[in-house]
Amino acid sequence: MEPLQSLRGMVDLLPSATATWQRIEATAREHFRRAGVSEIRTPLLEVTELFARGIGEATDVVGKEMYTFLDRGERSCTLRPEGTASVVRAAIQHGLLNQGPQRLWYGGPMFRYERPQAGRQRQFHQIGVELLGVADAESDAEAIAVAWDLLAELGVGGLQLELNSLGTPDDRVRYRAELVAWLEAHREQLDSDSQQRITTNPLRVLDSKNPATQALLAGAPTLADALAGESHERFARVRLALEALEIPFVLNPRLVRGLDYYSHTAFEITSNQLGAQATVCGGGRYDGLVQQLGGPATPAVGWAIGLERLVLLLSQAEAGEAAAAATPLLYVISRGELAERQALLLTCRARQAGLIAERDSSGAAFGKQFKRADRSGAPWAAVIGEREAADGVVVLKDLRGDGPEQRLAAGEALSWLVELTT
Ligand code: ATP
Ligand code: MG
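For clarity, every value in this text was computed on a predicted model and none was experimentally measured.

**Quick look at the overall build of the protein**
Each helix and strand in the protein was counted, giving 18 helices and 16 strands. Scaling as 2.2 N^0.38, a compact globule of 422 residues should have a C-alpha radius of gyration of about 22 Å, whereas the protein reaches 28 Å, well beyond that. Summarising its shape, the C-alpha atoms of the protein cover approximately 90 × 55 × 45 Å along the three principal directions. Looking at the 422 residues of the protein, the share that counts as buried comes to 49%. Excluding contacts between residues fewer than 6 apart, the proportion of contacts in the protein whose partners are at least 24 apart in sequence is 68%.

**Focus on the packing of helix H1 (residues 15-34) against helix H5 (residues 137-153)**
As a packed pair, H1 and H5 sit with axes 10 Å apart at the nearest point and diverge in direction by 140°. Considering the angle they form, H1 stands oblique to H5. As for the relative orientation of H1 and H5, their crossing is right-handed in sense. Residues Thr 27, Ala 28, His 31, Phe 32 and Arg 34 of H1 form the contact with H5, whose own contacting residues are Val 146, Asp 149, Leu 150 and Glu 153.

**Description of the site of ligand 1**
Around ligand 1, the surrounding shell holds 14 residues, and the nearest of these are Arg 112, Glu 114, Arg 120, Lys 209 and Thr 279. Lys 209 places a side-chain nitrogen or oxygen 2.7 Å from an oxygen atom of ligand 1. Contact with the protein chains covers 87% of the free accessible surface of ligand 1, which is 590 Å². Here the shell around ligand 1 is composed, by residue class, of three nonpolar, five polar and six charged.

**Overview of the packing of aromatic side chains**
Taken as a whole and judged by the stated rule, the model has four aromatic pairs. Between Phe 32 and Trp 105, the ring centres sit 5.1 Å apart and the planes meet at 35°, which makes this aromatic pair tilted. Of this pair, Phe 32 sits in helix H1 while Trp 105 sits in strand E5 (residues 102-111); the two residues are 73 residues apart in sequence, bridging distant segments of the chain. We note that Phe 32, like Trp 105, is buried. Centre to centre, the rings of Tyr 67 and Tyr 113 are 5.5 Å apart; their planes meet at 70°, and the pair counts as edge-to-face. Residue Tyr 67 is found in strand E3 (residues 67-70), and its partner Tyr 113 is found in the loop between E5 and strand E6 (123-132); the two are separated by 46 residues along the sequence.

Reading the values: the criteria
- Residues numbered from 1 in each chain as written.
- Chains lettered and ligands numbered in written order.
- Predicted model: local features only at pLDDT ≥ 70, side-chain atom pairs only at ≥ 80, totals over all residues.
- Heavy atoms only, no water.
- Helix = DSSP H or I, 4+ residues; strand = E, 2+ residues; numbered from the N terminus.
- Rg over C-alpha atoms; globule rule 2.2 N^0.38 Å.
- Buried < 20%, exposed > 50% of the residue type's maximum accessible area, 1.4 Å probe, protein only.
- Contact = heavy atoms within 4.5 Å.
- Axes fitted to C-alpha atoms, helices over the stretch in contact; angles between N-to-C directions.
- Parallel < 35°, antiparallel > 145°, perpendicular 65-115°, else oblique.
- Left-handed = near helix turned anticlockwise from the far one by under 90°.
- Near = heavy atom within 4 Å.
- Polar contact = N/O pair within 3.5 Å; in protein donor to acceptor, adjacent residues only side chain to side chain.
- Areas by Shrake-Rupley, 256 points an atom, 1.4 Å probe, with all protein chains shown as cover.
- Nonpolar A, V, L, I, M, F, W, Y, C, P; charged D, E, K, R; others polar.
- Phe/Tyr/Trp six-rings, centres within 6.5 Å; stacked < 30°, edge-to-face > 60°.

Right under this line is the structure:
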């Protein structure tokens, strides 16, 4: 029979890769604990309207990338393409916003129907932070610092923080009019996607991935020039806070989030080692979203890191380190029914005592089992043959050095190994 394949853009994470993922997750968990950020887990499936309202019909995500279907009750459902809308929905639904500021993180798979390529999949993973109910400029810098420090702690180098301010909705209404006039005047030179966006979502044109459009936009009016005095002052405070934290940044006036509920700070953390998919982390302030989803007016700031891109940035050396961390200390070799049962017992006892132990289950000749013991990288082998089994002892062999063989009771062998490793 033909074996079946996974769906396009849906990727298996094999054991050789999962150690790196687990390290990222463990580091993030501990990092968030210190930052007073608690985990929230929401369903992968939500009503479609949540994303239509929470991300916006005019975006690529909602317009062309969602996995949407009717369930058996004829409700339109969507596999979550991102985490923020679900987190905000849950916070409203469970009244969390009446309990003071919420500092939340989430992680897990997201789904977008995109063209798969390096760093772009149809099921991909994000880890994200949302600070709900915080309004001050320093909180924007704090949110950025939580992402920046996490990436530093993971050992990702060569990153760049790009920063912009989108001002207030009023600032953007003024800017939008200026921008649309300029885009109309240059309509013929724009790519067709951007031409359409002049009416649907003109700010998103600034985010175009078309190189010719990008070059043309160098002459477009910028949002920075359209910001009112208060927005300028707020942006200056964010920058001062980042400078105090010694987090370097570059201003990118074309960095936008195309929706009305975004305001003030927008940022991306990028790497020059990722080719076209350069953004590892994207985020910003979204003061209008909670209301847009039916909750109380609540200022908020957040971000999401794409884990596949993060993994691409972590060096191969890391994979080696992770493999070393899983190398057994003890490899248990046995032959014969009673010996095999005692080998199983010794292996499980060793694990209970905190040692990494592996048991050879092949029943093959001792010579073959010793070869596998060598390949496992374990420094010690415990050998149980029929005679040892009858005597209740094991032979402990030094696989790396030339220490003498020891014939010990199983319990003694274990205490000896435990002592050795502590
Ligand atoms: P891009 O411009 O690369 O499509 P985006 O603006 O759609 O990114 P966000 O919605 O801001 O991305 O998501 C935050 C992060 O999630 C991105 O910076 C990226 O690291 C990751 N990400 C987004 N889409 C994908 C995908 N299809 N595959 C892998 N990672 C993704
Ligand atoms: Mg995208």
